[in-house]
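Residues per chain, in single letters:
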Amino acid sequence: MKFFNELERKYRRFAIPNLMYYIIILYGIGLVIQMQMPMFYWRYLSLDAAAILHGQIWRIVTFLVYPPAFGSIVLTQLFIGILALFMYYNLGQTLENIWGSFRFNVFFFMGVIGQVLAALVAYLVFHENIYMTTGFLNFSIFLAFAIYFPDAQFLLFFVLPIKARWLAVAECAVYLYSFIFGSASTRVEILISLANMILFLLMTRNYRRYAPKEIRRRQDFRREMTKITPKGQTRHKCAVCGRTELDGPELEFRYCSKCQGNYEYCQDHLYTHQHVTAENPAEGKQ
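Residues numbered from 1 in each chain as written. Predicted model: local features only at pLDDT ≥ 70, side-chain atom pairs only at ≥ 80, totals over all residues. Heavy atoms only, no water.

Q: Got a minute to help me understand helix H9 (residues 164–181) in this structure?
A: The α-helix winds at 3.6 residues per turn, so residues separated by three or four positions along the chain end up facing the same way. The end-to-end C-alpha distance of H9 is 26 Å, a good match for the 26 Å that 18 residues give at a rise of 1.5 Å each. Of the residues making up H9, those classed as buried are Ala164, Ala168 and Tyr175. One face of H9 carries all of its buried residues, which in axial projection span an arc of 35°. Among the exposed residues of H9, those pointing more than 90 degrees away from its buried face are Trp166, Val174, Tyr177 and Phe181. Where H9 is buried, its residues contact helix H8 (135–148), strand E1 (153–156), strand E2 (160–163) and helix H10 (184–193). (Helix = DSSP H or I, 4+ residues; strand = E, 2+ residues; numbered from the N terminus. Expected span 1.5 Å × (residues − 1). Buried < 20%, exposed > 50% of the residue type's maximum accessible area, 1.4 Å probe, protein only. Arc of directions from axis to C-beta. Contact = heavy atoms within 4.5 Å.)

Q: Would you take a moment to explain the packing of aromatic side chains for this structure?
A: Aromatic ring pairs: the centre-centre distance and the angle between the two ring planes describe each pair. According to the stated counting rule, one finds 16 aromatic pairs in the structure shown. Consider the rings of Tyr41 and Trp42, whose centres lie 5.2 Å apart with planes at 85°: the pair is edge-to-face. Note on Tyr41: relative accessible area 1%, which makes it buried. We classify Trp42 as partly exposed; its relative accessible area is 28%. With a centroid separation of 4.7 Å and an interplanar angle of 45°, the aromatic rings of Tyr177 and Phe181 are classed as tilted. Remark: Phe181 and Tyr177 occur in helix H9; sequence separation between them is four residues, near one turn of the helix. Taking relative accessible area as the criterion, Tyr177 reaches 54% and is therefore assigned exposed. (Phe/Tyr/Trp six-rings, centres within 6.5 Å; stacked < 30°, edge-to-face > 60°.)

Q: Please explain the nonpolar core as it appears in this structure.
A: The nonpolar side chains of a soluble globular protein tend to be buried with one another. Among the nonpolar cores identified, the biggest contains 55 residues, and Met20, Trp99, Phe108 and Ile141 are the most heavily contacted of them. If you list the elements that add at least two residues to this core, you get helix H2 (19–36), helix H3 (38–45), helix H4 (49–53), helix H6 (74–99), helix H7 (101–124), H8, H9 and helix H11 (195–204). The element that contributes the greatest number of residues to this core is H7, accounting for 11 residues. (Core = buried A, V, L, I, M, F, W, Y, C linked by side-chain atoms within 4.5 Å.)

Next up, the structure:
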């Protein structure tokens, strides 16, 4: 954590703000290419390790134009593609708002490097030329979002509401199955491609909260608060969902500095609620 904070202090001026905006532009270009010339991407732009080692180094960057979702039926290509672009733009922007531009840049480009390394390792070590797209990269973005907002809802098939945590669990199960029963190159592909998620969480996690002194301090604080707070009453309550500290020891609560008044929110609604202002007096509405 200290190392990453020092890195951020020195190099955050080089971060690209609103990075997801430019990535979505690339995805949009890729969507048009896929609709007009489906094979052009695979022949000249995809992450082909053999072609890269033979001088086509532009593929290290151009593979990023592949859109995150693409329909097989011509009539649905544009519709599904635009919805996917809109969704991933919002996911990326939300993560950047939480982490800041520098950290989101590090997370995204670590994912890019991971996919390139996975393709090269599969080719050089296992002699398998894997044509990789942006699939693992986009999954890492969604997984990071699901970790921060597990209760966010998506409409499956545009009808069934399902929480982000269950979508993430389902996709993780698919990758886990491929990791267990797939070939050695498949395992390497999955492990290296998603390493950005693991490494980023390790680098940015605040380990101080797990120190014995910090754990003992929190336990002492809870005991003292139990003595002070009358039975049946709570000290924290989310203005959106109404949950309190009694609903789970893992819940964290924060006050929002942008809301007019003392409005407190849980970690799931701190960044997603609608700010309370004079023009918008609704209490913590999402």
